[in-house]
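Per-entry structural report
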Amino acid sequence: MSRKTAGFLIVLGVFMIFEWVNLGFNLADGHPTSFYVVHGILIVVNVILGVVVGVLGWRGLRGSSVRDGGVRSGAAK
């Protein structure tokens, strides 16, 4: 996995977690219980997916640095 792809996955994971947690705090009162159950399930599933995507990106980023011999691309040898 390239460093660019790994970085994108990390940013996407952080964005997903932030956005869905923010949605959870912004749910307005006055909806039926089923509304909160469905949105609670959506929030939990998407936060878990965000963590998985972020971990995949982190592992890809660490793997690319090991594959490059610990030298960042573009750095002088």
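Everything below is about the structure printed above this text.
Residues numbered from 1 in each chain as written. Predicted model: local features only at pLDDT ≥ 70, side-chain atom pairs only at ≥ 80, totals over all residues. Heavy atoms only, no water.

1. Quick look at a nonpolar patch on the surface
A cluster of nonpolar side chains, contributed by Val37, Ile41, Val45 and Leu49, occupies part of the molecular surface with about 340 Å² of accessible area. Judged by its relative accessible area of 42%, Leu49 falls in the partly exposed class. (Patch = residues over 30% accessible without salt bridge, like charges linked within 9 Å, V, L, I, M, F, W, Y side chains within 5 Å. Areas by Shrake-Rupley, 256 points an atom, 1.4 Å probe, with all protein chains shown as cover. Salt bridge = Lys/Arg side-chain N within 4 Å of Asp/Glu carboxyl O. Buried < 20%, exposed > 50% of the residue type's maximum accessible area, 1.4 Å probe, protein only.)

2. Here's the deal with the environment of Phe15
By the secondary structure assignment, Phe15 is in helix α1 (residues 3–26). A relative accessible area of 48% means that Phe15 is categorised as partly exposed. In the structure, Phe15 is positioned 35 residues away from Gly50 in sequence and 7.8 Å away in space, judged by C-alpha atoms. (Helix = DSSP H or I, 4+ residues; strand = E, 2+ residues; numbered from the N terminus.)

3. Brief notes about the packing of aromatic side chains
Under the definition given, this model contains one aromatic pair. On the basis of an interplanar angle of 85 degrees and a centroid distance of 5.4 Å, the ring pair of Phe35 and Tyr36 is categorised as edge-to-face. Judged by relative accessible area, which is 28%, Tyr36 ranks as partly exposed. (Phe/Tyr/Trp six-rings, centres within 6.5 Å; stacked < 30°, edge-to-face > 60°.)

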